[in-house]
Amino acid sequence: MSSNSGIQIPSRLPLLCTHDGVLLPGSTMRISVDTARNMQLVKSRLLKGTSLKSTIIGVIPNTRDPEHDSDELPSLHRWVCAASLLYLHFFLLSIGTAGLAVQVVGSNWPKPHYTLLITGLCRFRMTKLLREKPFLVAEVEQLDKLEQYTEGDQADGELGELSQRFYQAAVQLVGMLDMSVPVVAKLRRLLDSLPKETLPDVLASMIRTSNKEKLQVLDAVDLEERFKKALPLLTRQIEGLKLLQKTRKLRPDDDKRVLAIRKGGVFPGRQFSLDEEGEDEDGDDTAVLEKKVKAAAMPEAALRVCLKELKRLKKMPESMPEYALTRNYLEMMVELPWSKSSKDCLDIRAARVLLDNDHYAMEKLKRRVLEYLAVRQLKSTLKGPILCFVGPPGVGKTSVGRSIARTLGREFHRIALGGVCDQSDIRGHRRTYVGSMPGRIINGLKTVGVNNPVFLLDEVDKLGKSLQGDPAAALLEVLDPEQNHSFTDHYLNVPFDLSQVLFIATANTTATIPPALLDRMEVLQVPGYTQEEKVEIAHRHLIPHQLEQHGLTPQQLQIPQDTTKDIISKYTREAGVRSLERKIGAICRAVAVKVAEGHKVSRAESPAEQHAENKEEGSGITAPPEMPIVIDPIALKDILGPPVFEMEVSERLTLPGVAIGLAWTPMGGEIMFVEASRMEGEGQLTLTGQLGDVMKESAHLAISWLRSNAKTYLLTNGSADPLEGTDIHLHFPAGAVTKDGPSAGVTIVTCLASLLSGRLVRSDVAMTGEITLRGLVLPVGGIKDKVLAAHRASLKRVIIPKRNEKDLEEIPPHVRADLDFVFASTLDEVLNAAFDGGFPAAVSHPQVVSKL
Ligand SMILES: Nc1ncnc2c1ncn2[C@@H]1O[C@H](COP(=O)(O)OP(=O)(O)OP(=O)(O)O)[C@@H](O)[C@H]1O
């Protein structure tokens, strides 16, 4: 290249042996360095050296896989291929390219290595190997005396003719490309400005050539020979392009692909990056970027930062790693919806209809959502509370969030927070990190393209914590209406106004949400559904949805209400409807097979049809294909298998020492059997079933209360203390699930009272309540879910603390009507309600009155 013409390479060069390809003078190449010797060279020459001279190294192509094609290699390089430590002297007389290391990038992944960006300067021949360790150093003889090329234009004879032919071929090649592509225009200009003698090297490195061909060009020290070697390669490329253009004529739609091939195939990489003219394309690009920055309508502060970055970008060489970082940053900035918002189309009446259509039941939740929307309609700049829907899985929290977005006519984006344990996930990484990117909030805004979407922060209770910070703390700023107008993502490093975003959070329990975060949200409990509600949801939403998903119609499949009830009670045990939906999906799949096979009604689907079918069978007629498949209990068993859950309550209450408690879990309410047994011993209490401390204390309280009241209830067993000479074992199935909380107190007392008295607890009664040492019953939480669980289990009587009476309002009337509620304020009342015929005390029990 003309600019290199004055370069005189040092007479001693460190050598880099590479397998990556062949570096030709005038081209730029990335070389990966991972062998010990080469790494040492990089460390002690390139990274420590300070002068320009220290960045010049000799690159010896060690070429391709010797196993495959060493035979075909030119003889000189076959020697080199075989080179190992023992045969280093074979390097002698080998030809390499002196190169200027323009960039060194180090990485430890997947193993320690450097990547060098090297520009070839000129050929050299090794004359003497001076040193082998720690890296190779050799005495070299510079071969391309670059100055000689300046007379190239006047060269005559065969060389002159060859160079002219080569130049013309090169011009022809470029002429076949699209001049509107900046890199092509640049190449065209280069052809005229470069000395003709450099063209074989420059073009051979650009066009599609194998390493072997490049080696042949490299080995051609004689200029005439070099032209002769490179010309056929150029001609081949021209022919290839001609073929490509023919194909393009045949298939005009493939224009884009051809262009892409030209860009990436004919001129692989950006090998002109070191030329002064390299600015052109960047100039265009940065101009486009600048226009976009100005059109992005960003706030003053952001605009200032962008313009500053743009200025830096213009000055940066494209090969700098920071170039890509800055560019990505600017592209991110222009894509953000700084002032682009969608128009709210809120009509409360329509919203009510839409919410009702999308979701059955959930009255309380829908009422609160409508209130919220109504206030928004009246005051659009509302800095409203953040709603947080809390409830068991599958009760429709996420889908209500989606409906809210729809009623508002806003974009919806769900951010799953489960398992997120790095605060950079929320706030982004600082741009100094490799691979830095914005957090999920900013990314979400980029995805939706407007600044007022509905963001659903799913599973906020499952945020984790780690050494990388606490993501919950990062969410505090996002969710605080007073602060989030200037939310600063670490990547952007300028504030973004989140005040228009409507945040809705969902969680299964509030227990694991950090208090500061919980405090910023308005919690709306979404309790589980009753069996009747589930049946309605199934028929209004789940079945039609599943039919559609499976390509079936109601004319092909019918699921009667009784079947749905059976699915709910015998195949699912859940507060929500997700597993119910799955079971309906399984039925649809089974029916889809039948329908696809060209359904013949093989079994009667209802008694009436059975009758009809019997008749048909008799007369040899199959059912008409348009007859729906109705899922009756037998079909249900065929498809879903035998029932998974049987009613086990009555079976398990056939012995004294068993009582049913009601527990609340993030999955909804559940019934829980408490079992006790006694054996000879020394009055010890054993507790099993993974109990927490509070629950263990409840058990001790219960024992103490029973011991102190043993005489009153005739539990003494002859001696004063019922536990004398007796050990008691108390177990809470299922043993693998951790349990805690005080609400099992009354159940433990009842269970032990049954054990000590030898009387059976009523099999249709369940209870919940905290106890005190004096025998009072204190209120507990989760009453609605617990009562629904008792109802699901077909229990008849529920004993709850008196002060929880008000919570019954939340329970649907038909459930209330099915159950007999006993409101207890003392343990005496609990025992009387739990045993058939009461649990009479021998002496009248002193009246304890709760003052709590
Ligand atoms: N009341 C309802 N009416 C109609 N469909 C419902 C209702 N409740 C739940 N669904 C349906 O149940 C499915 C599960 O709901 P969704 O994913 O919203 O549950 P979720 O409460 O967010 O659960 P998780 O806590 O596991 O995320 C959805 O297909 C939803 O449409």
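Residues numbered from 1 in each chain as written. Predicted model: local features only at pLDDT ≥ 70, side-chain atom pairs only at ≥ 80, totals over all residues.

> Sorry if this is basic, but what is going on with the overall build of the protein here?
Along the protein, the regular secondary structure elements total 30 helices and 24 strands. For the protein, the residues scored as buried account for 37% of the 852 residues in total. (Helix = DSSP H or I, 4+ residues; strand = E, 2+ residues; numbered from the N terminus. Buried ≥ 20, exposed ≤ 12 C-beta atoms within 10 Å, placed from the backbone.)

> Would you mind going over the UniProt feature "active site" (unreviewed entry) in the protein with me for this structure?
The feature "active site" (unreviewed entry), as annotated in UniProt, sits at Ser-743 and Lys-786 in this numbering. Spatially, the listed residues are clustered: although they cover 44 residues, their C-alpha atoms lie within 11.0 Å of one another. With respect to the helices and strands, Ser-743 occurs in the loop between strand S19 (726-731) and helix H27 (745-757). In this structure, Lys-786 sits in helix H28 (residues 783-792). Given 29 C-beta atoms within a 10 Å radius, Lys-786 is considered buried. Ignoring any residue separated from it by four or fewer positions in sequence, one finds Lys-786 in contact with Leu-662, Trp-664, Gly-669 and Thr-768. (UniProt positions renumbered as here; feature names shortened; annotations may be inferred. Contact = placed C-beta atoms within 7 Å.)

> Before we go on, may I ask you to explain the sheet that holds strand S16 (residues 658-665) in this structure?
Pairing between the strands of a sheet is mediated by backbone hydrogen bonds and can be parallel or antiparallel. Ordered in space as S18-S19-S17-S16-S20-S23-S24, the 7 strands form an open sheet in which the pairing is mixed. Only two strands of the sheet have a single partner each, and these edge strands are strand S18 (685-688) and strand S24 (820-824). Taking each pair of neighbouring strands and ignoring which way they run, the sheet shows an average axis angle of 25°. Direction of pairing for strand S17 (residues 668-680) relative to S19: antiparallel, over a ladder of 6 bridges. For Arg-678, the partnering residue across the bridge sits in S19 and is Ile-728. The strands touched by H28 within the sheet are S16, S17, strand S20 (765-767) and strand S23 (797-801), with S17 carrying the most contacts at an inclination of about 75°. (Pairing = 2+ DSSP bridges. Axes fitted to C-alpha atoms, helices over the stretch in contact; angles between N-to-C directions.)

> Explain the site of the ligand to me, please; I cannot follow it from the model alone.
The environment of the ligand is made up of 20 residues, and the closest members are Pro-393, Gly-396, Lys-397, Thr-398 and Ser-399. Elements with a minimum of two residues in the shell around the ligand: helix H15 (397-408), helix H20 (531-549) and helix H22 (578-596). With 3 residues, the top contributor of residues to the shell around the ligand is H15. Per-class residue counts for the shell around the ligand are 7 nonpolar, 9 polar and 4 charged. (Near = placed C-beta within 6 Å. Nonpolar A, V, L, I, M, F, W, Y, C, P; charged D, E, K, R; others polar.)

> Is there a simple way to explain the packing of helix H13 (residues 348-358) against H15 in this structure?
When two helices pack together, their arrangement is given by the angle between the helix axes and by the axis-to-axis distance. At a minimum axis separation of 10 Å, H13 and H15 run at an interaxial angle of 150°. Classified by the interaxial angle, the pair formed by H13 and H15 is roughly antiparallel. Note on packing geometry: the crossing formed by H13 with H15 is right-handed. The segment H13 lies against H15, with Ala-351, Leu-354, Leu-355 and Asp-358 engaging Ser-399, Ser-403, Arg-406 and Thr-407. For the contact of H13 with H15, the class distribution of residues is 3 nonpolar, 3 polar and 2 charged. (Parallel < 35°, antiparallel > 145°, perpendicular 65-115°, else oblique. Left-handed = near helix turned anticlockwise from the far one by under 90°.)

> What exactly am I supposed to notice about the UniProt feature "binding site: ATP" (unreviewed entry) in the protein here?
Following the UniProt record, the feature "binding site: ATP" (unreviewed entry) maps to Gly-391, Pro-392, Pro-393, Gly-394, Val-395, Gly-396, Lys-397 and Thr-398 here. Structurally, Val-395 can be placed in the loop between strand S7 (386-390) and H15. Classification of Val-395 as buried rests on a count of 28 C-beta atoms within 10 Å. If near-sequence neighbours (up to four positions away) are discounted, Val-395 is found in contact with Val-526, Gly-528, Tyr-529, Ala-575 and Gly-576.

> Just checking my understanding: could you explain the nonpolar core for this structure?
What tends to happen in soluble globular proteins is that the nonpolar side chains get buried as a cluster. Core analysis: the largest hydrophobic core is formed by 86 residues, its most contacted members being Cys-388, Val-460, Phe-503 and Ala-505. When residues of this core are assigned to their parent elements, the largest contribution, 6 residues, is made by H20. With 56 residues, the next largest nonpolar core counts Leu-16, Ile-56, Leu-116 and Val-217 among its residues. (Core = buried A, V, L, I, M, F, W, Y, C linked by C-beta atoms within 7 Å.)

> Help me out: how do you make sense of the environment of Asn-38 in this one?
Relative to the helices and strands, Asn-38 is located in helix H1 (residues 36-47). In this structure the C-alpha to C-alpha distance between Asn-38 and Leu-136, which are 98 residues apart in sequence, comes to 8.4 Å. Excluding its chain neighbours within four sequence positions, the residues that come into contact with Asn-38 are Leu-16, Cys-17, Val-33 and Phe-135.

> Would you take a moment to explain helix H26 (residues 693-708) for this structure?
Quick reminder: α-helices carry 3.6 residues per turn. Residues three or four places apart thus point the same way. The terminal C-alpha atoms of H26 lie 23 Å apart, and with 16 residues this matches the ideal 22 Å at 1.5 Å per residue to within 8%. Within the sequence span of H26, burial applies to Met-695, Ser-698, Ala-699, Ala-702, Trp-705 and Leu-706. Considered in projection along H26, the buried side chains sweep an arc of 130° and stay on one side of the axis. Across H26 from its buried face, at more than 90 degrees, point the exposed residues Asp-693 and Ser-704. In this fold, the buried residues of H26 make contact with S18, S19, H27, strand S21 (770-771) and helix H30 (827-834). (Expected span 1.5 Å × (residues − 1). Arc of directions from axis to C-beta.)

> Explain H27 here, please?
The first and last C-alpha atoms of H27 sit 18 Å apart over 13 residues, in line with the 18 Å expected at 1.5 Å per residue. H27 sits mainly inside the fold: 12 of its 13 residues count as buried. Of the positions making up H27, those classed as buried are Gly-745, Val-746, Thr-747, Ile-748, Val-749, Thr-750, Cys-751, Leu-752, Ala-753, Ser-754, Leu-755 and Leu-756. In the stretch just after H27, Gly-758 is the one whose phi turns positive, near 75°.

> Just to check I follow, could you spell out the sheet that holds S7 for this structure?
As summarised here, the arrangement of the 5 strands in space is S8-S9-S12-S7-S13, forming an open sheet in which the pairing is parallel. Looking at which strands have only one partner, the edges of the open sheet turn out to be strand S8 (412-416) and strand S13 (521-525). Strand-to-strand twist across the sheet, computed as the mean angle between neighbouring axes with direction ignored, equals 25°. The pairing of S7 with strand S12 (residues 502-507) spans 4 bridges and is classified as parallel. Counted as the bridge partner of Leu-387 is Ile-504 from S12. Contacts from helix H17 (residues 440-448) reach S8 and strand S9 (454-458), with the element oriented near 155° to S8.

> Would you mind going over the confidence of the model for the protein with me for this structure?
With 82% of its residues at a pLDDT of 70 or more, the protein has an overall mean of 79. The least confident element of the protein is helix H2 (residues 66-69), whose mean pLDDT is 40; the most confident is S23, at 92. The model gives residues 1-5 a pLDDT under 50, and that stretch makes 11 contacts with residues more than four places away or in other chains. pLDDT under 50 marks residues 252-282. Its contacts with residues more than four places away, or in other chains, come to 39 contacts. Predicted complex, confidence summary: ipTM 0.94, pTM 0.57. (pLDDT = per-residue confidence, 0-100.)

> Explain unusual backbone geometry to me, please; I cannot follow it from the model alone.
Most of the time, phi is negative for any residue but glycine, and the peptide bond is trans. Put simply, Lys-133 and Pro-134 share a cis peptide bond, and its omega is -5°. Although it is not a glycine, Met-362 adopts a positive phi angle of roughly 55°. Mapped onto the elements of the fold, Met-362 is located in the loop between H13 and helix H14 (363-378). Its 25 C-beta neighbours within 10 Å are what place Met-362 among the buried residues. Despite not being glycine, Asn-493 has its phi angle at roughly 65°, a positive value.

> Looking at this model, I keep getting lost on the pairing of strand S6 (residues 137-142). Mind explaining?
Regular strands have side chains that alternate between both faces of the sheet. One ladder, built from 3 bridges, connects strand S1 (residues 12-18) with S6; its direction is antiparallel. Following the sheet pairing, Leu-13 is matched in S6 by Ala-138. Pairing of strand S5 (residues 113-131) with S6 involves 6 bridges; the strand directions are antiparallel. By the bridge assignment for S6, Phe-124 is matched with Gln-142. Between the end of S5 and the start of S6, which pair antiparallel, lie 5 residues.

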